[in-house]
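# Overview (structure and organization)
Residue-level listing of the chains:
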Amino acid sequence: MEIIPRASMTEFLHAIQEVSFIRYALLAGIVSSLTFGVVGTFVVTRRIGYIAAAIAHSILGGIGASIYFSRVYELAWLTPMVGAVVAALLSAAVIGWVSLRTSEREDTIIGAIWAFGMATGLLFMHYAPGKAVNLESYIFGDILLTSRSDVIATVVLAAIILTLVGLFYHKLVAVCFDEEFARLRGISSNLYYLLLLAITAISMVLLVRVAGIILSLALLVLPAATASRFSRQMWVVMLMALGLALVYNAGGLAVSFAIDTPTGPFIVFVASVVYGLSFLLKGKR
Amino acid sequence: MAEKRIVVQCDDLCFRYGKPWVLEDVSFKVPEGESLCIIGPNGGGKSTLLKLLLGLLEPGKGSLSLFGEPCEKVRSRIGYVPQSMQFDRMFPISAIDIVLMGRLDRLKVGRFSKECRAVAADALDEVGLADMANRPFSDLSGGERQRVMIARALACEPDLLLLDEPTANVDLSVEEQFLETLVELRKKMTILVVTHDLDIVSLVGDSVLCVNHRVHRHSLPLSGETIKEIYSGRRRLEHDRRARHNHGDHSACQHD
């Protein structure tokens, strides 16, 4: 964070125009917020928060592997983003397959993927040649490291997620609400559950970019959890969560710039406080 | 009677999950427009029979067909009402959106068609909840939730309605409303109800199938004696079933 000087809010607006990395950070934050609200609502209502957390941690494995192989074999296309997407989708597929097709307990496989991802990531980073990897930026997030290609990747991934949800919204909701009935209506429940996990996985990649592995889950779950205190309609919850995520991301970036605070932790702190307040206000039923 | 089409035809059906047979030599048929109540002790195979009818399980031996075809092929003609306990009351969804799930097989991508929305609205109207369409699921009472589930089954425009313990966990006043709905529906379609509720049996059933590993058919009305024997004998049935689980015990059932 040291690269950013202390500055006022007007200077932040000025910086958006002048400094490319702040512009990229804001753009990536806004675009990914659109997906957090929508996917977060599914994750909260289907109660798969811990699957999302396991996927987030497995992403470190993908990042480590992509750094290692891109340096050893000089593969320029193998960016950490590519590694992250592959690792996230693989973890989602493994967790989905195990919970649908085997008798293993779901929380056990979640724990295993969680730790395995972190372990492989750390090992690959240890053995990767060249300069030491800035582990902290992946673990705690550093949206200010967002590059132009990151913004493009974010836009593409967000577009994929929103298109899939838009096309299959009713089927995804039905599978979340009553998987058996959906199957009786000719919907492949397993397929749509896996699709939901895949969408969650891609969202986690975007989230890790913004808030880091450890804080990412908060940013996915808290806006939707807060919104669901105020509405009992899925799409309304989604819109409210999306709005909250937008405010958190853009506002968090501006404020943390103005008072020189790390962005990810600041955003998560605010989101948690707002959720806590909403709980006190609307917690009783 | 004889000219009526047969909706459910079950011949010498056997099924097992592991080694012991859960259902053995089960034979019965249900003609079009009749309603059959399925009763029996817990663990007697009622749910298994239901899953077989829905095509979620495959018969081990024997045959089971609906409308003359294998069950999983004609799923779209069944309106299924599961037990209401299994739903997450916190789920953010409105009554009409639940009912629309009955039209999922007509939806490819995107939004439901006008026609689907009209069918769903009619289904809600039929169970007397037309003005509750946009109410959140969590705001509905137990009986209203149950009727929403029936409306969802009706939105499938089914030829056969299958209900799994519809009055379990529903209080008495609600049950009365619910029974009225069911009595009306009985005039329009073939109904199969799994139940412990003797009010349903006497008001809705044309006949009763007692499932306890094997099955036995009773015609209605059941005499007070039969009812007493079926239910007071339940503990004994459970005990006997465990003691000799290879033989269906219907000692409490009277032959008609």
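### A word on the overall build of chain B
When its secondary structure is counted, chain B shows 8 helices and 10 strands. Across the 256 residues that make up chain B, the buried fraction comes to 42%. Excluding contacts between residues fewer than 6 apart, the proportion of contacts in chain B whose partners are at least 24 apart in sequence is 68%.

### Let's talk about the overall build of chain A
Secondary structure summary: chain A contains 11 helices and 0 strands in total. Reading chain A from its N end, one meets helices and strands in the order α-α-α-α-α-α-α-α-α-α-α. On C-alpha atoms alone, chain A measures out to a radius of gyration of 19 Å, which is about the 19 Å that the 2.2 N^0.38 rule sets for 285 residues. Counting every position in chain A, which comprises 285 residues, the buried fraction comes to 49%. When contacts within chain A are restricted to residue pairs at least 6 apart in sequence, long-range pairs at least 24 apart make up 78% of them.

### Remarks on the sheet that holds strand 2 (residues 23-31) of chain B
Pairing within the open sheet is antiparallel, and its 4 strands lie in the order 2-1-4-5 (chain B). With one partner strand each, in any of the chains shown, strand 2 and strand 5 (69-70) of chain B form the two edges of the open sheet.

### Considerations on the interface of chain A and chain B
If you look at the interface, chain A gives 22 residues, while chain B gives 20 residues. Elements with a contribution of two residues or more to the side of chain A that touches chain B: helix 7 (148-177), helix 8 (179-184) and helix 10 (234-258) of chain A. A total of 7 residues in the side of chain A that touches chain B trace back to one element, the largest contributor, which is helix 7 of chain A. Looking at the side of chain A that touches chain B residue by residue, the classes come out as 11 nonpolar, 6 polar and 5 charged.

### Some words on the environment of B:Ser76
By secondary structure assignment, the location of B:Ser76 is in the loop between strand 5 and strand 6 (78-81). With 15 C-beta atoms counted inside 10 Å, the residue B:Ser76 sits in the partly exposed group. A sequence separation of 100 residues divides B:Ser76 from B:Glu176, and the C-alpha atoms of the two residues are 29 Å apart. Ignoring anything within four residues of it in the chain, the contact list for B:Ser76 reads A:Gly186 and B:Asp105.

### A word on the sheet that holds strand 10 (residues 214-219) of chain B
Residues and elements named next belong to chain B. With mixed pairing, 6 strands are arranged side by side in an open sheet as 6-7-8-3-9-10. The two strands at the open ends of the sheet, each matched to only one other strand, are strand 6 and strand 10. The average undirected angle you get between the axes of adjacent strands in this sheet is 15°. By the bridge criterion, 6 bridges tie strand 9 (residues 207-212) to strand 10 in an arrangement that is antiparallel. By the bridge assignment for strand 10, Cys-210 is matched with His-216. Against the sheet, helix 1 (residues 46-53) contacts strand 3 (35-39), strand 7 (160-164), strand 8 (190-194) and strand 9, and its axis sits at roughly 150° relative to strand 7. In the packing of helix 4 (residues 142-154) onto the sheet, contacts are made with strand 6 and strand 7, and the angle to strand 6 comes to roughly 165°.

### Things to note about the nonpolar core
Residues A:Ile59, A:Ala88, A:Leu219 and B:Val99 are the most contacted members of the largest nonpolar core, which totals 164 residues. A per-element tally of this core places helix 9 (residues 189-227) of chain A first, with 25 residues. Discounting chain neighbours no more than four positions away, the residues touching A:Leu219 are A:Phe36, A:Leu207, A:Val210, A:Ala211, A:Ala245, A:Ile267, A:Val268 and A:Ala271.

### Comments concerning the pairing of strand 6 of chain B
All names here are of chain B. Here strand 6 shows two buried faces, one formed by Ile-78 and Tyr-80 and the other by Gly-79 and Val-81. Relative to strand 7, strand 6 is paired through 4 bridges, and the arrangement is parallel. Within strand 7, the residue paired with Tyr-80 across the bridge is Leu-162.

### Some words on unusual backbone geometry
The phi torsion at A:Arg47 lies on the positive side, around 60°, for a residue other than glycine. Among the structural elements, A:Arg47 can be located in the loop between helix 2 (20-46) and helix 3 (49-72). Residue B:Glu157 is not a glycine yet carries a positive backbone phi of 50°. Relative to the elements of secondary structure, B:Glu157 occurs in the loop between helix 4 and strand 7. Using a count of 16 C-beta atoms within 10 Å as the deciding quantity, one classes B:Glu157 as partly exposed.

### A closer look at the confidence of the model for chain A
Per-chain confidence: chain A averages 89 in pLDDT, with 96% of residues scoring 70 or above. Within chain A, helix 3 of chain A carries the highest mean pLDDT (95), whereas helix 1 (residues 9-18) of chain A carries the lowest (76).

### What about helix 5 (residues 172-186) of chain B?
The periodicity of an α-helix, 3.6 residues per turn, causes residues three or four positions apart to be oriented the same way. All names here are of chain B. When the terminal C-alpha atoms of helix 5 are compared, their 21 Å separation across 15 residues agrees well with the 21 Å that a helix rising 1.5 Å per residue should span. Every buried residue belonging to helix 5 is among Phe-178, Thr-181, Leu-182 and Leu-185, and all of these are buried. Looking straight down helix 5, one finds that the buried residues subtend no more than 100° of arc, so they occupy a single side. In helix 5, the exposed positions that point more than 90 degrees away from the buried face belong to Leu-172, Ser-173, Glu-176, Glu-180 and Glu-184. Contacts made by the buried residues of helix 5 are with helix 4, strand 7, strand 8 and helix 6 (198-204).

### A few points about the environment of B:Lys51
With respect to the helices, strands and loops of the structure, B:Lys51 is situated in helix 1. In this structure, B:Lys51 is in contact with B:Leu56 and B:Leu57, ignoring residues within four places of it in sequence.

### Comments concerning helix 3 (residues 114-126) of chain B
All names here are of chain B. Along its 13 residues, helix 3 runs 18 Å from first to last C-alpha, staying within 8% of the 18 Å computed at 1.5 Å per residue. Among the residues of helix 3, Val-119, Ala-120, Ala-123 and Leu-124 are the ones counted as buried. The buried residues of helix 3 occupy an angular sector of 140° when projected down its axis, which confines them to one face. For helix 3, the exposed residues set more than 90 degrees away from the buried face come down to Lys-114, Glu-115 and Ala-118. Where helix 3 is buried, its residues contact helix 2 (95-100) and helix 4. A positive phi of about 80° marks Gly-128, the residue just after helix 3.

### What to know about the packing of helix 3 of chain A against helix 5 (residues 106-127) of chain A
Residues and elements named next belong to chain A. At their nearest, the axes of helix 3 and helix 5 sit 7 Å apart, and the two run at 20° to each other. On the basis of their axis angle, the class for helix 3 and helix 5 is roughly parallel. Taken as a pair, helix 3 and helix 5 cross one another with a handedness that is left-handed. In terms of residue class, the contact of helix 3 with helix 5 is built from 20 nonpolar, 7 polar and no charged.

Scoring rules and cut-offs
Residues numbered from 1 in each chain as written. Chains lettered and ligands numbered in written order. Predicted model: local features only at pLDDT ≥ 70, side-chain atom pairs only at ≥ 80, totals over all residues. Helix = DSSP H or I, 4+ residues; strand = E, 2+ residues; numbered from the N terminus. Buried ≥ 20, exposed ≤ 12 C-beta atoms within 10 Å, placed from the backbone. Contact = placed C-beta atoms within 7 Å. Rg over C-alpha atoms; globule rule 2.2 N^0.38 Å. Pairing = 2+ DSSP bridges. Nonpolar A, V, L, I, M, F, W, Y, C, P; charged D, E, K, R; others polar. Axes fitted to C-alpha atoms, helices over the stretch in contact; angles between N-to-C directions. Core = buried A, V, L, I, M, F, W, Y, C linked by C-beta atoms within 7 Å. pLDDT = per-residue confidence, 0-100. Expected span 1.5 Å × (residues − 1). Arc of directions from axis to C-beta. Parallel < 35°, antiparallel > 145°, perpendicular 65-115°, else oblique. Left-handed = near helix turned anticlockwise from the far one by under 90°.

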